[in-house]
Amino acid sequence: MALIRFRYKIAVPAALLLLSTANANTLEEFYKQYKSGHYPQALEALNQLRVDENSLSSKAYLSGLSYSKMQEFDKANIQFAKAIELKNDSVDLFYEYGQSLYAANELRKSREAFKTSAEKKFNRPASLYYVAHISQILEEYEVAKDYYSMVLKEKDSDLKMRQIATFQISETLLSIAREKSVEPIDVNRRVEKFILPMMQKSFEMDKSSALANDINQRIFELKNEFNLDPDVLANGRRISPKRYSGYASQKLKFDDNISLTNEENNIQQSKKESYIFETEAYGKYDFVAKKKFIISPEARMTYSQHTDRSSPEVYQNDVYIMNFSVKNKYEHLFKQKPASMLFDVDYSRTMKDWHSQKKKEFYADSTTFTFGESFSYFDIGDTSVKIKRKNYNGANETISNHTTSLTGDQTFFLPIQHLLIALFDASFIDNYNNKSTSTNTYLFRLDYIIPEIAPTFTLGFGLAYTLTDTKEMMATRGTEKNFNPSIDLSKELNSHSKISINYDYTKTSSKDISYAYNKNVFTTEYRYSF
C-alpha cells in the first residue's frame, strides 16, 4: 500500500540562513535549482559550499531533501541520519526522514521517525496518520487503531484527514475481527453492526472526494463478501434498491369499432367508433424477507370513459376497475442459476355501465390464484411457466365462469441488444351457468423490442394469434381466429416520464358474422413513474 502524502511548504531558506554568508552566490544557485526541480544541479551547488562545523548538519539536511526528491532514498536516509546525529533542528527533519525511510521499505524506522515528528508537533495529524498506517501494514492492528483515533482527536485534522482516518479505522477493525473471531458468524455480525456503518460514515463526510469512490467500492465488496447487500438475494439475484414503484398514466384512444363484451369470452362488434379517455394509477411495494422471499402488494385503478354519449352500445363499456394483488416469490437455485417460485393472489372488482344508464354499477368480481416458476434453463434468457385458476362472478349470473389457464413464456436476449418475448397461453373457460358459451382459447404471441432505436426512443412490435374453440357453438361459430398485430413507439422525456403512441389492429373471423369483425385502435399515452 502506497503512502499517501500530505504536503506542506518546505522552509529551505530558513535552513540556508544557517550557512556562511560567504557562500551567498552558491546558495542562491542551490535555491534556484531546487525550486525549479533540478535536484542534481542543486546537489552540485550544495557540494561546492564551504561549510564550517556548525553548518554541516544543515548541509546534510538539504542533501537529504535533494536525494529524496531524486528518489535516491538510501542516500537520502544517510544524509538525514547524519543531520539528526549532528543535531540539526529543522522542524520537518523527522517528517522527511520518515517519508524517505518508508520509500526504502524500512517501515519500523520510518514509524519511529513519524512518532518523533508528532512529538515535536510538526504536521502532527499527518505524522500520527503515518504511524497508524505503517502499524496497519505491519499488522499491528491495535496500535494502528489507537493512532487513527488520535488523528480524529486532533483539532488541526482537516476533513480529508478525518475522512481517511475514519475509513482506515473501519479497515483496522475488520482486520482485528478476522484475527480474533473464532466463528465466521461473529465476523459477519461485526461487519454488519460496526464496520459497515463506520465506512458509510466516512463516505458521507465528503461524498465528492476522490476517496469517496474507493470507500463506496469497498462497502460494495464487503456487502458481497459477507452476504450483507440488501439488494442481493440468497440465490445471487440482484434486485432494485428502490422497493417501491408506481405510475400514473393518461391515455387517449380512438377505436373505430367498439367491442361489445357481454360475456368475458364472447366479444361482438358494435360498428360504432369513439374516442376513449383512460386513466390508470398503479403502485406496488416489495417486502424482502430473509433474502429469499419477496412479498409485493399491488394496487391498480383504471377508469375508462367513451366520448360517444349517444350510442348505448358504446357508453355501456364505460368502466371502472379496481385491482388488488399480492405477488409472492421464493428465490432459490435451479441448475445453479437464480430461479423464482411464484404464488400470486389477485382480486378485481369491475364497475360498468352495463345497463346503459350512464352510471357505473357492479358488474363482476374475480379472484385469481397463480402458481408458477421462473428460471433460466437456457442461456438466451429467462423461462417461466404458470398455472392459473380464476373465479369470475358476474352480477348477471350467466357470465360467471371458472377459467383454468396454462401459460409459458420465453425471453430471448439477442446479441444486437434487442429483446424477443414468446408467449403461449391456453385458457379453458367454463361458463357454468350457461354451458353453451364455454370456450377454450389458445394464444400465441411474440413481442420484439428495440431499445434506443434512437436516443431516448424505444420501438416495439407485437403479433398475437388466437384460436377459440367454441365447443357447443362450433356448428354456428366454428373455430374463431383472431389476428392482432401492433406497434408501439415511446420516448423517454426524463427519468420519470415518457410519452408513447400505439397502433393496434384486430381481425377476427367466425362463421357467425356478429362475432367476425375488424377494428383499429390508435392510442397516445403520457406516463409519469415514481
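Definitions and cut-offs
- For every chain, the first residue of the written sequence is number 1, and numbering continues from 1 along that sequence.
- Side-chain atom pairs in this predicted model are given and counted only at pLDDT of 80 or more, local residue features only at pLDDT of at least 70, and totals for whole chains, interfaces and linings cover all residues.
- Values shown for side chains rest on all heavy atoms present in the structure; no hydrogens or waters enter the calculation.
- Secondary structure counts use DSSP, requiring at least four H or I residues in a row for a helix and at least two E residues in a row for a strand, with both numbered from the N terminus.
- For the radius of gyration, the atom set is restricted to C-alpha positions; the globular benchmark scales as 2.2 Å times the number of residues to the power 0.38.
- Burial status follows relative accessibility: with a 1.4 Å probe on protein chains alone, a residue under 20% of its type maximum counts as buried, one over 50% as exposed, and anything between as partly exposed.
- We call two residues contacting when some pair of their heavy atoms lies within 4.5 Å.
- Accessible surface area values rest on a Shrake-Rupley calculation with a 1.4 Å probe, where residue burial reflects the displayed protein chains alone.
- His is not counted, nor are the chain ends, whereas Lys and Arg count as positive and Asp and Glu as negative.
- Working definition for charges: the position is that of NZ of Lys, CZ of Arg, CG of Asp or CD of Glu.
- The rule for pairing is simple: two strands pair if DSSP sees at least two bridges between them.
- Buriedness of a pocket was judged along seven lines, with at least five required to meet protein on both sides within 12 Å; pockets are open sets of points on a 1 Å grid over the protein atoms alone, cavities are sets where a 1.4 Å probe fits but cannot get out, and lining residues have an atom within 4 Å of a point.
- Grid points are joined across faces, edges and corners, and a volume is the space filled by probe spheres set on the points.
- Asp, Glu, Lys and Arg are counted as charged, while Ala, Val, Leu, Ile, Met, Phe, Trp, Tyr, Cys and Pro are counted as nonpolar; the rest, among them Gly, fall into the polar class.
- Expected span, for any helix, means 1.5 Å times one less than how many residues it has.
- Any Lys or Arg side-chain nitrogen located within 4 Å of an Asp or Glu carboxyl oxygen qualifies as a salt bridge.

Where do I start with the overall build of the protein in this structure?
Summing up its helical and strand segments, the protein has 14 helices and 17 strands in all. Compactness check: the protein gives a C-alpha radius of gyration of 38 Å against a globular reference of 24 Å for 530 residues, more than 25% above the reference. Overall size of the protein, expressed as C-alpha extent along the three principal axes, is 125 × 55 × 40 Å. Looking at the 530 residues of the protein, the share that counts as buried comes to 44%. Contacts spanning at least 24 positions in sequence make up 54% of the contacts within the protein whose residues lie at least 6 apart. Accessible area for the protein stands at about 28000 Å²; split by element, carbon and sulfur atoms hold 56% of it. Here the protein carries 70 positive and 68 negative side-chain charges, and the mean point of each set is 2 Å from the other.

Before we go on, may I ask you to explain the pairing of strand E14 (residues 457-469) in this structure?
As judged from the twelve bridges shared by strand E13 (residues 439-454) and E14, these two strands associate in the antiparallel manner. Bridge pairing in E14 links Tyr-448 to Phe-461. In this structure, the hairpin formed by E13 and E14 is closed by a connection of two residues, where Thr-456 is found at a positive phi of approximately 70°. Across 13 bridges, E14 lies against strand E15 (residues 479-492) in antiparallel orientation. Residue Phe-457 lies in a different strand from E15, and its bridge partner there is Lys-491.

Explanation requested: the pairing of strand E16 (residues 497-509) in the structure shown.
Walk down a regular strand and you will see the side chains alternate between the two sheet faces. Relative to E16, E15 is paired through ten bridges, and the arrangement is antiparallel. Looking across to E16, one finds that Glu-492 is bridged to Lys-498. With antiparallel pairing between neighbouring strands as the criterion, E15 and E16 make up a hairpin whose turn holds four residues. Bridging between E16 and strand E17 (residues 517-529) involves twelve bridges; their strand directions are antiparallel. Note on E17: the bridge partner recorded for Ile-499 is Tyr-526.

I tried to follow the layout of surface pockets on my own but got confused; where do I start?
Of the volumes computed, that of the second largest pocket is approximately 210 Å³. Along its surface, the second largest pocket is lined by 13 residues, and Ser-490, Lys-491, Glu-492, Ser-497 and Lys-498 are the ones closest to its centre. At the level of elements, E14, E15 and E16 are the ones that each hand at least two residues to the lining of the second largest pocket. The element contributing the most residues to the lining of the second largest pocket is E15, with three residues. Grouping the amino acids of the lining of the second largest pocket by side-chain chemistry returns one nonpolar, eight polar and four charged.

Help me out: how do you make sense of helix H2 (residues 24-35) in this one?
Along an α-helix, residues three or four positions apart point the same way, because every turn accommodates 3.6 residues. For H2, built from twelve residues, the straight-helix expectation of 16 Å at 1.5 Å per residue is met to within 8% by its first-to-last C-alpha distance of 16 Å. Two residues or fewer past H2, Gly-37 is found with a positive phi of approximately 85°.

Please explain the pattern of salt bridges as it appears in this structure.
Any two side chains of opposite charge can pair if their charged atoms end up close together. Within the structure shown, the criterion is met by 31 salt bridges. We note a salt bridge from Asp-447 to Arg-445, for which the minimum N-O separation is 2.8 Å. A single network of salt bridges, built from pairs that share partners, joins Glu-142, Lys-145, Asp-146 and Lys-180.

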